[in-house]
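Residue-level structural notes
Listed here are the chains, written in short residue letters.
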Amino acid sequence: MTAWSTSSMKIRILNILEQTMADGPGFRTAIYCAGCAHHCKGCHNPQSWDFQGGHEVTVDELMEVIKADSMSDVTFSGGDPFYQVDGFTELARRIKAETDKTIWCWTGFTLEEIQADPHMAQMLPYLDVLVDGPFILEQRDTSLLFRGSPNQRIIWLKGKPDDTIPGTVPLVPLK
Ligand code: SF4
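Structural notes, computed from the coordinates. (Residues numbered from 1 in each chain as written. Predicted model: local features only at pLDDT ≥ 70, side-chain atom pairs only at ≥ 80, totals over all residues.)

**Notes on the site of the ligand**
For the record, the criterion: Note on definitions: a residue is near a molecule or strand provided its C-beta atom, placed from the backbone, lies within 6 Å of it. In the scheme used here, Gly and all other residues not listed as nonpolar or charged are polar, with Ala, Val, Leu, Ile, Met, Phe, Trp, Tyr, Cys and Pro taken as nonpolar and Asp, Glu, Lys and Arg as charged.
If you check the shell around the ligand, you find 13 residues, and the closest are C36, C40, C43, G108 and F135. A breakdown of the residues in the shell around the ligand according to their chemical character gives five nonpolar, seven polar and one charged.

Now the structure itself:
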């Protein structure tokens, strides 16, 4: 086995934002994927709902971009990465195997919904933080950091929680 694995598995993305500071703490490489069926009322990004939007890239190509920036951690957003869980799991596995970067992932599913679905749950062991749940327009609060409505939780799946970030949920045991 070689030191690095390779993967031609594909993920359909809308955009890659490099060195963004808006998608989690510090500098991050943010991968915005195509496709979301949650259709939250008031979604800030309804153009991301189309599962045929954007273009396909391989996990190898994404790894090149991620590894080229030694300073930035990684964010998965969309759309909803859990609709492309096979590709994102492979990407997350590679990131953890080949870098020391943290991964934050935004999803419209709740953690409990993901845990109840073995196919979706396969990605959880590789994520550091999951920001979960749908955006609820009636509860919108623009003062929240990294969230649109207070039902959404910033769940530390591993590592020491940063209690200075409101909405942090430190201990949700994985089933
Ligand atoms: S989960 Fe996010 S991208 Fe999907 S509809 Fe809701 S707010 Fe929009």
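**Regarding helix α2 (residues 85–98)**
The following threshold applies: Each helix is a run of DSSP H or I of at least 4 residues and each strand a run of E of at least 2, with the numbering of both proceeding from the N terminus. Here, expected helix span is obtained from the residue count minus one, scaled by 1.5 Å. Using C-beta atoms placed from the backbone, we call a residue buried if 20 or more other C-beta atoms fall within 10 Å of its own, exposed if 12 or fewer do, and partly exposed for counts in between. Two residues form a contact once the distance between their C-beta atoms, set from the backbone, is within 7 Å.
With 14 residues, α2 should cover 20 Å at 1.5 Å per step; its first-to-last C-alpha distance of 19 Å lies within 8% of that length. Within α2, the full set of buried residues consists of V85, G87, F88, T89, E90, L91, A92, R94 and I95. Looking at the buried side of α2, the elements it contacts are β1 (10–20), α1 (59–68), β4 (73–77), β5 (103–106) and α4 (118–121).

**Some words on α1**
One full turn of an α-helix is made of 3.6 residues, so residues set three or four places apart face in the same direction. Quick note on the threshold: Starting at the helix axis, one direction is taken to each C-beta atom, and the arc is that of these directions.
Of all the positions in α1, only V59, L62, M63 and I66 are classed as buried. Taken end-on, α1 shows its buried residues confined to a sector of 100 degrees, consistent with a single buried face. Set apart from the buried face of α1 by more than 90 degrees, the exposed residues are E64 and A68. For α1, the secondary structure elements touched by its buried residues are β1, β2 (28–33), β3 (55–58), β4 and α2.

**Quick word on the environment of I114**
Position of I114 relative to the elements: it lies in helix α3 (residues 111–115). Beyond its immediate stretch of four places on either side in the chain, I114 contacts F82, F109, M120, A121 and L124.

**Digging into the environment of G87**
Structurally, the position occupied by G87 is in helix α2. Judged by the 23 C-beta atoms lying within 10 Å of it, G87 is buried. With residues up to four places along the chain from it excluded, the contact list for G87 reads M9, K10, I11 and V59.

**As for the nonpolar core**
Selection rule: When buried Ala, Val, Leu, Ile, Met, Phe, Trp, Tyr and Cys residues are joined through C-beta atoms within 7 Å, the set is termed a nonpolar core.
In terms of nonpolar packing, the biggest core is built from 38 residues, with A92, I103, L127 and V129 touching the most fellow members. If one sorts the elements of this core by residue count, α2 sits on top with five residues. Setting aside its immediate chain neighbours within four residues, L127 contacts A92, I103, C105 and L157.

**Some details on the pairing of β5**
Applied cut-off: Strands qualify as paired when DSSP identifies two bridges or more between them. Looking down the strands as they point away from the viewer, one classifies a crossover as right-handed if the path from the first strand across the helix to the second runs clockwise.
Alternating positions in β5 separate into two faces, I103 and C105 on one and W104 and W106 on the other, with burial throughout. Here β4 runs beside β5; their pairing, made up of three bridges, is parallel. Directly across from F76, in β5, lies its bridge partner C105. Regarding the hand of the β-α-β motif, the stretch spanning β4, α2 and β5 is right-handed. Pairing analysis gives three bridges linking β5 to strand β6 (residues 129–132), with the strands arranged parallel. Of the residues in β6, the one forming a bridge with W104 is V129.

**Things to note about the sheet that holds β4**
Which entries qualify depends on this criterion: Interaxial angle, 0 to 180 degrees, is taken between N-to-C directions of lines fitted to C-alpha atoms, where a helix line uses only the stretch in contact.
Reading across the sheet, the eight strands line up as β3-β1-β2-β4-β5-β6-β7-β8 and stay open at both edges, with mixed pairing between neighbours. Looking at the sheet topology across the chains shown, the edges are occupied by β3 and β8 (168–169). Pairing analysis gives four bridges linking β1 to β3, with the strands arranged antiparallel. The partner of K10 across the bridge, within β3, is T58. Strand contacts of α1: β1, β2, β3 and β4, with the helix running at about 75 degrees to β3, the strand carrying the most contacts. Across the face of the sheet, α2 comes into contact with β1, β4 and β5 while running at roughly 45 degrees to β1.

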